[in-house]
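Listed below are the residues making up each chain.
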Amino acid sequence: MKNPYEVLGVSPDATDEEIKKAYRNLAKKYHPDNYANSPLADVAEEKMKDVNEAYDQINRMRQKGKGTGSAASSGTTYNNGYSKFNSVRIFIQRNMIAEAENVLNSTPQNERDAEWHFLMGMCHFRKGWNEQAKTEFQTAVNMDPNNSEFRSAYQTVNAQRTYNYGGYNTGSYNNGNTNGMGCTACDVCSMMMCASVCCRCCGR
Amino acid sequence: MFGYLQIDKAELKVREYEAYQSVYCGLCRQLGKDYSVFARFALSYDCTFYAMTLMALRRSCSGFDDGRCRFNPLKKCKYARCEDDCYRKAAALTVITVYYKLCDDLRDDGFFKRLVVRLIKPFFSHCRKKAQQRFPRLDEIVGNMLKAQQKVEQSPQPQMDETAHPTAVMLAEIMRAEGRDTMEERVLYECGYHLGRWVYFMDAADDYEKDKKRGGFNPFLLTEAENLRTVMNEVLSQSLARSYDAYNLLDITDFKGILDNMMLYGFPLRQQKVLAVPQGGNT
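So, here is what we can say about the structure in this document. If you're wondering where the values come from, they're calculated on a predicted model, not measured in any experiment.

Focus: the overall build of chain A
- Secondary structure assignment for chain A yields nine helices and zero strands.
- Helices (α) and strands (β) of chain A occur, in sequence order from the N terminus, as α-α-α-α-α-α-α-α-α.
- Per-residue burial over chain A gives 40% buried out of 204 residues.
- Contacts spanning at least 24 positions in sequence make up 53% of the contacts within chain A whose residues lie at least 6 apart.
- Summed over its atoms, the accessible surface of chain A is roughly 11600 Å², and 53% of this surface lies on carbon and sulfur atoms.

Here we look at the pattern of salt bridges
All names here are of chain B.
- Across all of its chains, the model carries 26 salt bridges over all chains by this definition.
- R59 is the partner of D254 in a salt bridge, and the nearest nitrogen-oxygen pair spans 3.0 Å. Taken together, the positions of D254 in the loop between α8 (228-247) and α9 (256-276) and R59 in the loop between α2 (45-58) and β1 (61-68) put the pair 195 residues apart, joining distant regions of the chain.
- Owing to a relative accessible area of 18%, D254 belongs among the buried residues under this scheme.
- On the basis of relative accessibility, which here comes to 54%, the residue R59 falls in the exposed class.
- Its salt-bridge partner being D105, residue K101 comes within 3.0 Å of it at the nearest N-O pair. With K101 and D105 both in helix α3 (residues 86-108), this residue pair falls four residues apart, about one helical turn.

Let's talk about helix α3 (residues 41-61) of chain A
- Compared with the 30 Å implied by 1.5 Å per residue over 21 residues, the 30 Å span of α3 of chain A between its first and last C-alpha is a close match.
- All buried positions along α3 of chain A are accounted for by V43, A44, K47, M48, V51, N52, A54, Y55, D56, Q57, I58 and N59 of chain A.
- Where the residues of α3 of chain A are buried, they touch α1 (4-8) and α2 (16-29) of chain A together with α7 (182-214) of chain B.

Here's the deal with the nonpolar core
- Of all hydrophobic cores here, the largest spans 104 residues; its most connected members are L8 of chain A together with Y35, M55, W198, F220, F255 and F267 of chain B.
- Ranked by the residues each element gives to this core, the list is headed by α7 of chain B, at twelve residues.
- Those residues in contact with F255 of chain B that lie beyond four places of it in its chain are A19, V23, M52, M55, A56 and C61 of chain B.
- F85, M122, F125 and F137 of chain A belong to the second largest nonpolar core, which has 22 residues in total.

Here's the deal with unusual backbone geometry
All names here are of chain A.
- Within the chain, N95 stands out as a residue other than glycine whose phi angle is a positive 65°.
- Checked against the element boundaries, N95 lands in the loop between α4 (86-93) and α5 (97-105).
- Classification of N95 as partly exposed rests on a relative accessible area of 31%.

What to know about the interface of chain B and chain A
- Taken residue by residue, the interface counts 40 residues in chain B and 38 residues in chain A.
- Both faces considered, chain B and chain A share a buried interface measuring about 3700 Å² in area, 52% of it formed by carbon and sulfur atoms.
- Its largest share of buried area at the contact with chain A, chain B owes to Q238, R242 and L249 of chain B, together 19% of the area lost on that side.
- Our enumeration of links across chain B and chain A arrives at four salt bridges.
- The salt bridge involving R161 of chain A is made with E234 of chain B; its shortest N-O contact spans 3.3 Å.
- The interface formed by chain B and chain A holds 18 residue pairs in polar contact (both at pLDDT 80 or more) in total.
- Mapped by element, the contributors of at least two residues to the side of chain B that touches chain A are α6 (160-176), α7, α8 and α9 of chain B.
- Element by element, the count of residues in the side of chain B that touches chain A is highest for α8 of chain B, at 14 residues.
- Here the residues of the side of chain B that touches chain A are counted per class, giving 17 nonpolar, eleven polar and twelve charged.

Side note on the packing of helix α5 (residues 136-154) of chain B against α6 of chain B
Residue and element names in this part refer to chain B.
- The N-to-C vectors of α5 and α6 enclose an angle of 175°; their axes lie 8 Å apart at closest approach. Of the possible angle classes, the one that applies to α5 and α6 is roughly antiparallel. Contact residues: R137, L138, I141, V142, M145, A148, Q149 and V152 in α5; E162, T163, P166, T167, M170, E173 and I174 in α6.

Description of the packing of aromatic side chains
- Counted by the stated rule, this structure contains 13 aromatic pairs over all chains.
- Arranged with centres 6.4 Å apart and planes meeting at 25°, the rings of Y189 of chain B and Y193 of chain B form a pair that is stacked. With Y189 of chain B and Y193 of chain B both in helix α7 and four residues apart, the pair spans about one turn of that helix.
- Each ring, one from W198 of chain B and one from F267 of chain B, has its centre 5.4 Å from the other, and the planes form 35°; the classification is tilted. Highlighted residues: W198 of chain B in helix α7 and F267 of chain B in helix α9, separated in sequence by 69 residues. Just as W198 of chain B is buried, F267 of chain B falls in that class too.
- Every member of this aromatic cluster is reached through a ring pair, and the members are F118, F137 and F150 of chain A.
- Directly above the ring of W129 of chain A sits K127 of chain A, whose terminal nitrogen or CZ lies 4.0 Å from the centroid.
- Directly above the ring of Y79 of chain B sits R29 of chain B, whose terminal nitrogen or CZ lies 3.9 Å from the centroid.

Each value, and the rule that gives it
- Residues numbered from 1 in each chain as written.
- Chains lettered and ligands numbered in written order.
- Predicted model: local features only at pLDDT ≥ 70, side-chain atom pairs only at ≥ 80, totals over all residues.
- Heavy atoms only, no water.
- Helix = DSSP H or I, 4+ residues; strand = E, 2+ residues; numbered from the N terminus.
- Buried < 20%, exposed > 50% of the residue type's maximum accessible area, 1.4 Å probe, protein only.
- Contact = heavy atoms within 4.5 Å.
- Areas by Shrake-Rupley, 256 points an atom, 1.4 Å probe, with all protein chains shown as cover.
- Salt bridge = Lys/Arg side-chain N within 4 Å of Asp/Glu carboxyl O.
- Expected span 1.5 Å × (residues − 1).
- Core = buried A, V, L, I, M, F, W, Y, C linked by side-chain atoms within 4.5 Å.
- Buried area = accessible area lost by both parts, 1.4 Å probe.
- Polar contact = N/O pair within 3.5 Å; in protein donor to acceptor, adjacent residues only side chain to side chain.
- Nonpolar A, V, L, I, M, F, W, Y, C, P; charged D, E, K, R; others polar.
- Axes fitted to C-alpha atoms, helices over the stretch in contact; angles between N-to-C directions.
- Parallel < 35°, antiparallel > 145°, perpendicular 65-115°, else oblique.
- Phe/Tyr/Trp six-rings, centres within 6.5 Å; stacked < 30°, edge-to-face > 60°.
- Lys NZ or Arg CZ within 6 Å of the ring centre and 35° of its normal.

Structural data, given as structure tokens:
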């Protein structure tokens, strides 16, 4: 068993407040939403479990008997009823992407429905082939706009393409990124101002 | 690799910046020791990032030593002390990547550049042989990348994802080699894959105008998107975001501030600089 304080990255004499804060930060970091469709979803889930256990354990050790606040991590499950691509879904879930692609590629053209495109997109996504994943997801959504599974996959991809996403919104660079023109004159000025203030502090 | 894996100095703490420099100097010194004075010119930010990642993962940096810069004896500098072969491995990667870069340059650059490359290649060829003996796997990974890249570029209608695949796999394999268990290997692979993809597309975005004029190969020439700049930005941002997600699953305590800085500020800053350069294409 790991030391629960190490798991949360706090010292054993941290206050309850500090522990709660560390726990919240980590829970946010490993939140399943950040790893939707990712091949590392299970790793994140594992980490989340460790964090939850550590937090519970510390609370028990401190005999506060507080609520645990454990977030139920659900991961992505693909069990929405009958599907002719069940084998593909199982392959994807097990990260057996080559096998999944084999089955998909052997499907005749006329049987390639929205779900087929969705699953193909999922294969590409798992491999890190973001561009083709996006195209396939888009096709799936266009063919079946009412399916929430396809829509959410498409949204995840789109969200990742801007910095306003998951763990990635902490930086100050998430503004004005849409036009791709990073450093404005304003930034340069403020940078110079900061620099001169710094210099003054050092007594130069 | 191409020098995109840098810090954002303005966002670093002073002690973190000093630690970063001491790794940089340490790697430079190792290049001098293992290869020769001339190999020091091959020192790159990318390989400093690699050395730093290795030291962070293995927790092998045990302190800092005072010393002097070999190029400028008046300048004092610090060297990060390392208990195992992190520097040696990063130095090997440096000369191996330079060697393969030169091989690649021979294929498509102009006459004069080819001449220069021919002149310096024998030296790096010698270095690379030494490095290959020490780290055969590294040489194999980088060599495979070049072969796969040439194959993709010659294929009739490559997809954008395919063009980035060789570089992405290269960094993924290099990172995976450091995993201590299967789970960590998977996380490192994913992190490296998307970072490698990002580096490849950064280079492509950087060279877009040049390749367009001279008819070189460039993955962004494959898209017919109207708002090319936005597309570039989205492609790059997504790769960084996915790499960062994987990075977050690693247990890193040493140099964490510096690596976080690179992931969250340094790399996006490079991305913005590359995209902010005026280009003839549509914005």
